[in-house]
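Residue strings, one per chain:
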Amino acid sequence: MTEFEQPWLEKYRPSVVKDIVGNEDTVGRLEILAQQGNMPNLILSGPPGTGKTTSVLALARALLGDSFKEGVLELNASDDRGIDVVRNRIKAFAQKKVTLPEGRHKVIVLDEADSMTEGAQQAMRRTMEIYSSTTRFALACNQSEKIIEPIQSRCAVLRFSKLTDQQVLKRLQEVLDMEKVSSNEQGLEALVFTAEGDMRQALNNAQATHSGFGFISSENVFKVCDQPHPLLIRKLLHECIDSKFDGAHEIIEQMWTDGYCGLDIVGTLFRITKFEDMAEPLKLDFIKEIGFTHMRVLDGLDTALQMGGLVAKLCCLSHKFRGGKPPPPRT
């Protein structure tokens, strides 16, 4: 990436509500709020990269027009947001007199609000009550249950979900066409696969691949994202289905030697298993075992032995499922 090249994430960030990709029902509710001009306090809950902050900023832009800069305060998780910030900075902004369009309110956007301390949330609850006639709050978070009940009851909750692969692919193609980036179909599929419904991740991976290699292909994308290649994981899965422990363990050892952590391997293996064409009871047993290993890895047991144990258990499950008979030859 050249020194003056702008991140695609910011360059193509939607500035109006109707341009936001995915979550049509939720975005439709925001459009209605923009038309009515009466924004309530909001909690926007959902996974990262689904458009929560972009949506509320687009809504504020539609409501405040030219007064957007003076009428909006945005605080991110990187800012100190303890009780002192609520008492000083947020309260000072709520008290500040700003010339706004008639019937409109100042907007305070708190990104990653679920990381605020409970004391800060309690202080903010009081501020929301006192300045309700002039100020509205929009809290973006990944888990709404981490917001205290008194604040939840004062807000309308809008839930965002992961974008579908088709939605991510469509937007990606639009951006790549505008940037005149060369790519192939496998490269786009790899970007969608690694994004997992996160539009921000998809755009960042696309730009990093283009900047590093100049061409978006499957191999280049997985090098940039540093994830195990799905075809290799699929080969591992087939070795486990055929109860061939030596072949499966060899693949695991190779990935471990290449530096992939257990979380990457287990996560990709789960996604490949979920869509693999195999007997349903065996697939459920595989997913259950992969899930147990995921829990152990998250507990800190991220070792080569843990990965070897996983493939051994999968091979045993497959052998048991067939009643101890050898697998039929693959066509």
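Scroll up to find the structure this text is about.
Below is a summary of the structure that appears in this document. (Residues numbered from 1 in each chain as written. Predicted model: local features only at pLDDT ≥ 70, side-chain atom pairs only at ≥ 80, totals over all residues. Heavy atoms only, no water.)

## Digging into the packing of helix H12 (residues 230–241) against helix H14 (residues 262–275)
- Running from N to C, H12 and H14 point in directions that differ by 75°, and their axes come no closer than 9 Å. Relative to H14, the element H12 lies roughly perpendicular. Every residue of H14 that contacts H12 at Pro230, Ile233, Arg234, Leu236 and Leu237 is listed here: Ile265, Thr268, Leu269, Ile272 and Thr273.
- Looking at the contact of H12 with H14, its residues break down into seven nonpolar, two polar and one charged. (Axes fitted to C-alpha atoms, helices over the stretch in contact; angles between N-to-C directions. Helix = DSSP H or I, 4+ residues; strand = E, 2+ residues; numbered from the N terminus. Parallel < 35°, antiparallel > 145°, perpendicular 65-115°, else oblique. Contact = heavy atoms within 4.5 Å. Nonpolar A, V, L, I, M, F, W, Y, C, P; charged D, E, K, R; others polar.)

## Re H12
- In a regular helix each residue adds 1.5 Å, so 12 residues correspond to 16 Å; H12 covers 16 Å between its end C-alpha atoms and thus fits that length.
- Residues of H12 that are buried include every one of Pro230, Ile233, Leu236, Leu237, His238, Glu239, Cys240 and Ile241, and no others.
- Where H12 is buried, its residues contact helix H9 (185–195), helix H11 (218–225), helix H13 (245–257), H14, helix H15 (280–298) and helix H16 (304–321).
- A positive backbone phi angle near 60° is found at Ser243, which sits one or two residues after H12. (Expected span 1.5 Å × (residues − 1). Buried < 20%, exposed > 50% of the residue type's maximum accessible area, 1.4 Å probe, protein only.)

## Considerations on the pattern of salt bridges
- Throughout the structure, instances matching the rule amount to 10 salt bridges.
- Measuring nitrogen to oxygen at the nearest pair gives 2.2 Å for the salt bridge that ties Glu129 to Arg154. Here Glu129 is found in helix H6 (residues 118–130), whereas its partner Arg154 is found in the loop between helix H7 (149–153) and strand E5 (156–159), with 25 residues between them in sequence.
- Take Glu129: its relative accessible area is 36%, and that puts it in the partly exposed class. (Salt bridge = Lys/Arg side-chain N within 4 Å of Asp/Glu carboxyl O.)

## Observations concerning the layout of surface pockets
- Computed from the structure, the largest pocket encloses a volume of approximately 620 Å³.
- Lining of the largest pocket is provided by 22 residues; of these, Asp165, Glu189, Val192, Phe193 and Arg271 occupy positions nearest its centre.
- Per-element accounting of the lining of the largest pocket gives the leading share, seven residues, to H9.
- Of the residues assigned to the lining of the largest pocket, the class counts are 10 nonpolar, five polar and seven charged.
- Space inside the second largest pocket adds up to approximately 480 Å³.
- For the second largest pocket, the lining is made up of 24 residues, of which Arg13, Gly49, Gly51, Thr54 and Arg200 are closest to its centre.
- Elements with a contribution of two residues or more to the lining of the second largest pocket: helix H3 (52–64) and helix H10 (199–213).
- At four residues, the largest contribution of residues to the lining of the second largest pocket is made by H3.
- Here the residues of the lining of the second largest pocket are counted per class, giving 10 nonpolar, seven polar and seven charged. (1 Å grid on protein atoms, 1.4 Å probe; cavity = no way out; pocket = protein on both sides within 12 Å on 5 of 7 lines; lining within 4 Å. Points joined across faces, edges and corners; volume = space filled by probe spheres on them.)

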